[in-house]
Amino acid sequence: MRSWFTEEVVQGDVVTALNVVIPTRGCSWNKCTMCSYSLGIQEEPFLEDFARLMEKDFDKIKIFTSGSFLDTTELPVSVREDVLDVVKERGVKEITIETRPEYAKNALSVQKYMGNIVVEVAIGLESSNDRILQFCINKGFLFKDFITAVHALKSFKVKAYLLIKPPFLTEYEAIEDAVASAHMIADMVDVISFNPVAIHKRRCWNTCGGQGTILRPGYGRWWRYSTAALTSLRISSAIRWLWEREGE
Ligand code: SF4
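Residues numbered from 1 in each chain as written. Predicted model: local features only at pLDDT ≥ 70, side-chain atom pairs only at ≥ 80, totals over all residues.

A.B. asks: Could you clarify how one ought to interpret the environment of Glu44 in this entry?
C.D. replies: Within the secondary structure, Glu44 is located in the loop between β2 (13–21) and α1 (47–53). Residues Glu44 and Pro23 lie 21 residues apart in sequence; the distance between their C-alpha atoms is 6.2 Å. (Helix = DSSP H or I, 4+ residues; strand = E, 2+ residues; numbered from the N terminus.)

Next comes the structure, spelled out in structure tokens:
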């Protein structure tokens, strides 16, 4: 079971966060063009190792599953509750879980279970543009589905992941899309995280032109330039908003 530590802002303080990837069967959708998280995954017992991690020094825990923590096909309710019991007993200020929008309503039972511990729910939106969601990423949901999920999560801290750069976009299009998407969701979520696309083996992005320009001129892997350009946009309203909210 992979785990590592990061620094995160929780209620205005910088704290240590334990990041842990639970070995589930993987994402039930499993069709995004750039993703192969579920390939080669081996579902295996993990609770003992997970419980041992609780002896480490941290105030926040981020649980990843290579899919959706709230998908009961991927993680049965009984196993999910076993995991939450371990975290609850250890005590943390905040727990982050990830989900696709269709499972978001299941977060309500998690919050009930966790009592006063802040539950942050992260959704991989990637883009607010339906054409990009459908034709570049094959995300399997539309922007309106994300909005429905955010409404269902109104009592939660919500984080959205945006993708730099979705497959089949040029560098310029990717930057435009990331900024436009951030503006679109700025008033809907508490945290926006920009994630440079990862190149996974045996996925369309990797085999259909991610290494070159087979599909269209100007199409290739993301440049550092995109990430740097987006970072420098902190002075734009969307990014400034993000920083201000992070500092609250
Ligand atoms: S990117 Fe997320 S939603 Fe898409 S297949 Fe991978 S784990 Fe599933």
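A.B. asks: Help me understand the site of the ligand in this model?
C.D. replies: In the vicinity of the ligand, the contacting residues are Cys27, Trp29, Asn30, Lys31, Cys32, Cys35, Tyr37, Ser66, Gly67, Arg100 and Gly124. Here the residues of the shell around the ligand sort into five nonpolar, four polar and two charged. (Near = placed C-beta within 6 Å. Nonpolar A, V, L, I, M, F, W, Y, C, P; charged D, E, K, R; others polar.)

A.B. asks: Quick question: what am I supposed to make of the packing of helix α2 (residues 77–90) against helix α3 (residues 107–114) here?
C.D. replies: Remark: α2 packs on α3, axes separated minimally by 10 Å, with the N-to-C direction vectors making an angle of 35 degrees. In this structure, the crossing between α2 and α3 has a hand that is right-handed. Touching Glu81, Leu84 and Lys88 of α2 are Val110, Tyr113 and Met114, all from α3. (Axes fitted to C-alpha atoms, helices over the stretch in contact; angles between N-to-C directions. Left-handed = near helix turned anticlockwise from the far one by under 90°. Contact = placed C-beta atoms within 7 Å.)

A.B. asks: Looking at this structure, I do not really get the nonpolar core. What am I missing?
C.D. replies: Across soluble globular proteins, nonpolar side chains show a tendency to be buried alongside one another. Counting residues in each nonpolar core, the largest one holds 51 residues, and the members touching the most others are Ile97, Val121, Ala160 and Leu162. Discounting residues that sit within four places of it in the chain, Ile97 has contacts with Ile63, Phe69, Leu70, Val110, Val119 and Val121. (Core = buried A, V, L, I, M, F, W, Y, C linked by C-beta atoms within 7 Å. Buried ≥ 20, exposed ≤ 12 C-beta atoms within 10 Å, placed from the backbone.)

A.B. asks: Please clarify how the sheet that holds strand β7 (residues 191–196) should be interpreted in this entry.
C.D. replies: Picture the strands of a sheet paired through backbone hydrogen bonds; they go either parallel or antiparallel. Here seven strands make up an open sheet; going across it, the order is β1-β2-β3-β4-β5-β6-β7 and the pairing mixed. Edge positions in the sheet fall to β1 (3–10) and β7, since each of these pairs with one other strand and no more. For this sheet, the mean inter-axis angle between neighbouring strands, taken without regard to orientation, is 25 degrees. (Pairing = 2+ DSSP bridges.)

A.B. asks: Help me understand α2, please; the structure alone is not making it clear to me.
C.D. replies: What sets the pattern is the α-helix's 3.6 residues per turn: residues three or four places apart point alike. With 14 residues, α2 should cover 20 Å at 1.5 Å per step; its first-to-last C-alpha distance of 20 Å lies within 8% of that length. Of all the residues in α2, the buried ones are Arg80, Val83 and Leu84. Down the axis of α2, the buried set is contained in an arc of 95 degrees. They therefore lie on one face. Of the residues in α2, the exposed ones pointing more than 90 degrees away from the buried face are Ser78 and Glu89. Buried residues along α2 sit against α1, β3 (60–64) and α3. A positive phi of about 85 degrees marks Gly91, the residue just after α2. (Expected span 1.5 Å × (residues − 1). Arc of directions from axis to C-beta.)

A.B. asks: I keep staring at the environment of Ala174 and nothing clicks. Help me out?
C.D. replies: By the element assignment, Ala174 lies in helix α6 (residues 171–185). Separated by 47 residues in the primary sequence, Ala174 and Ser127 have C-alpha atoms spaced 9.6 Å apart.

A.B. asks: What should I look at first to understand helix α4 (residues 130–137) in this one?
C.D. replies: Regarding α4, the residues found buried are Ile132, Leu133, Cys136 and Ile137. Projected onto a plane normal to the axis of α4, the buried residues spread over an arc of 115 degrees and lie on a single side. The inward-facing, buried residues of α4 abut β5 (118–126), α5 (143–152) and α6. Backbone geometry just after α4 places Asn138 at a positive phi near 55 degrees.

A.B. asks: How should unusual backbone geometry be read in this particular structure?
C.D. replies: When glycine is set aside, most residues are seen to have a negative phi, and most peptide bonds are trans. The linkage connecting Ile164 with the following residue, Lys165, adopts the cis geometry, with an omega of -10 degrees. With respect to the element layout, Lys165 can be found in the loop between β6 (157–164) and α6. The phi torsion at Asn138 lies on the positive side, around 55 degrees, for a residue other than glycine. When you line up the elements, Asn138 lands in the loop between α4 and α5. Assessed through the 15 C-beta atoms surrounding it within 10 Å, Asn138 is described here as partly exposed. At Phe168, a position not held by glycine, the phi torsion is positive, near 75 degrees. If you trace the backbone, Phe168 turns up in the loop between β6 and α6.

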